[in-house]
Amino acid sequence: MAWRNPITRFLCWLLVIYTVLALPWPGLSKAYGNYFRAICRLAFTADDGRRELSFETPGESSPRPNDTRVVIVNKALMHPDGSGPVRNLDVNFGWQSMALLVALILATPISWARRRWALLWGLLAIHVFLLLFLSFCIFGESAEISLVTLSPFWRTVISGCREAVASQLNLAVPILLWILVTFRREDRLTLPLASVLVAKESRG
């Protein structure tokens with residue numbers, strides 16, 4: 001029977017768990033948005049004297065009101081009345097990639113003790129990655145209000161890198177982190193799925 005095939009079982013459990021996690025549960029998008037903004041405020045609290053960051057909701061008039069809007073301010077360009085140029089960066093990433101990472105780890109046929117450790121390190125790693133990527137995005141946008149100076153060439157490079165990474169956030173990034181935090185080299189002797197992945201990694 002196909003169900004006895006460990007790869008088939010893995011794929012079935014992956015589909016079930018990911019579907020449950022990715023469903024648009026009432027209030028989930030808003031709750032995650034609040035959580036993500038709280039994490040960002042903790043991570044970006046340092047004040048360098050020139051830049052001011054705030055993490056807000058775009059507002060109900062926005063087509064995606066639960067996104068996170070990063071407001072970037074160059075203090076040197078602000079007027080005493082609080083007016084002046086600001087740069088708004090709207091982001092909406094994190095939940096889908098975390099849902100896939102969790103589903104991949106939970107569906108992997110290893111001991112529950114190892115799954116718990118993989119979840120711990122995997123979620124920590126993906127939070128660090130998302131915050132680093134957001135920092136990279138903020139750096140690129142900061143050039144628009146003279147916080148950093150970038151030539152047209154480097155603006156193009158940064159924009160291209162940003163788009164490339166953003167396109168892989170929900171698929172390639174969680175899969176790579178899953179492989180790194182879940183599998184050991186000796187798993188290729190006992191897990192068919194790990195054997196395939198390790199073999200590809202070795203050839204690469």
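Values in this document were obtained by computation on a predicted structure and should not be read as measured data.

The rules we used
Residues numbered from 1 in each chain as written. Predicted model: local features only at pLDDT ≥ 70, side-chain atom pairs only at ≥ 80, totals over all residues. Heavy atoms only, no water. Core = buried A, V, L, I, M, F, W, Y, C linked by side-chain atoms within 4.5 Å. Buried < 20%, exposed > 50% of the residue type's maximum accessible area, 1.4 Å probe, protein only. Helix = DSSP H or I, 4+ residues; strand = E, 2+ residues; numbered from the N terminus. Contact = heavy atoms within 4.5 Å. Expected span 1.5 Å × (residues − 1). Salt bridge = Lys/Arg side-chain N within 4 Å of Asp/Glu carboxyl O. Pairing = 2+ DSSP bridges. Axes fitted to C-alpha atoms, helices over the stretch in contact; angles between N-to-C directions. Parallel < 35°, antiparallel > 145°, perpendicular 65-115°, else oblique. Left-handed = near helix turned anticlockwise from the far one by under 90°. Nonpolar A, V, L, I, M, F, W, Y, C, P; charged D, E, K, R; others polar. Phe/Tyr/Trp six-rings, centres within 6.5 Å; stacked < 30°, edge-to-face > 60°. Lys NZ or Arg CZ within 6 Å of the ring centre and 35° of its normal.

Peer 1: Help me understand the nonpolar core in this model?
Peer 2: Most often, soluble globular proteins keep nonpolar side chains buried together rather than apart. Ranked by size, the top nonpolar core spans 38 residues in total, and within it Phe 44, Val 70, Phe 93, Leu 134 and Ile 138 carry the most contacts. Where this core is concerned, the elements lending two or more residues are α1 (6–22), α2 (28–43), β1 (51–56), β2 (68–74), β3 (86–91), α3 (95–107), α4 (112–142) and α6 (172–182). For this core, the leading source of residues is α4, giving nine residues.

Peer 1: Quick question: what am I supposed to make of the side chain of Ser 142 here?
Peer 2: Tracing the sequence through the fold places Ser 142 in helix α4. If near-sequence neighbours (up to four positions away) are discounted, Ser 142 is found in contact with Arg 51, Ile 72, Leu 147 and Val 148.

Peer 1: Is there a simple way to think about α2 in this case?
Peer 2: Each α-helix winds once per 3.6 residues, and so residues spaced three or four apart point in a common direction. An ideal rise of 1.5 Å per residue puts 22 Å on 16 residues; α2 measures up with 22 Å between its terminal C-alpha atoms. Check the buried side of α2 and you find it contacts β1, β2, β3, α3 and α4.

Peer 1: Can you walk me through the pattern of salt bridges in this structure?
Peer 2: Once their charged atoms are close, side chains differing in charge can pair, the charge on each being opposite to the other. Summed over the entire model, instances satisfying the criterion amount to four salt bridges. The shortest N-O distance in the salt bridge between Glu 141 and Arg 162 comes to 2.7 Å. Taken together, the residues span a long stretch of sequence, with Glu 141 in helix α4 and Arg 162 in helix α5 (residues 152–168) at a distance of 21 residues. Of the residues examined, Glu 141 reaches a relative accessible area of 12% and is grouped as buried. If you follow the salt bridges from partner to partner, you end up with Arg 87, Glu 141 and Arg 162 in one network.

Peer 1: Can you walk me through the sheet that holds β1 in this structure?
Peer 2: Sheet strands line up and pair through hydrogen bonds in the backbone, either parallel or antiparallel. Read across the sheet, three strands follow the order β1-β2-β3 without closing on themselves; strand pairing throughout is antiparallel. A strand with exactly one partner marks an edge of an open sheet, and here the two such strands are β1 and β3. Each strand axis lies, on average, 20 degrees off the axis of its neighbour in the sheet, ignoring direction. Across six bridges, β2 lies against β3 in antiparallel orientation. For Val 71, the partnering residue across the bridge sits in β3 and is Asn 88. Each of β1, β2 and β3 is contacted by α4, which is oriented at about 150 degrees to β3, the strand it contacts most.

Peer 1: Just to check I follow, could you spell out the packing of α4 against α6 for this structure?
Peer 2: Helix-helix packing is described using two parameters, namely the angle between the two axes and the distance between the axes. Across the interface, α4 lies against α6 with an axial gap of 9 Å and an inter-helix angle of 135 degrees. Taken together, the axes of α4 and α6 are oblique relative to one another. Where α4 crosses over α6, the handedness of that crossing is right-handed. Here Arg 114, Ala 118, Trp 121, Gly 122, Ala 125, Ile 126 and Phe 129 of α4 come into contact with α6, specifically with Val 173, Leu 177, Val 181 and Thr 182. Looking at the contact of α4 with α6 residue by residue, the classes come out as eight nonpolar, two polar and one charged.

Peer 1: What am I meant to see in the packing of aromatic side chains here?
Peer 2: The way to describe two aromatic rings as a pair is by their centre distance and the angle between their planes. Summed over the entire model, instances satisfying the criterion amount to nine aromatic pairs. With centroids separated by 5.7 Å and ring planes inclined at 80 degrees, the aromatic side chains of Phe 36 and Phe 93 adopt a geometry described as edge-to-face. Taken together, the residues Phe 36 in helix α2 and Phe 93 in the loop between β3 and α3 connect sequence positions 57 residues apart. Across this residue pair, the class does not change: Phe 36 and Phe 93 are buried. The interplanar angle of 70 degrees and the centroid separation of 5.2 Å between the aromatic rings of Trp 178 and Phe 183 together place this pair among those described as edge-to-face. On the basis of relative accessible area, Phe 183 is assigned to the buried category, the value being 12%. In textbook terms, an aromatic cluster arises when at least three aromatic residues are bridged by ring pairs, as seen for Tyr 32, Tyr 35, Phe 36, Phe 93, Trp 95 and Phe 133. A cation sits over an aromatic face here: Arg 115 above Trp 112, 3.9 Å from the ring centre.

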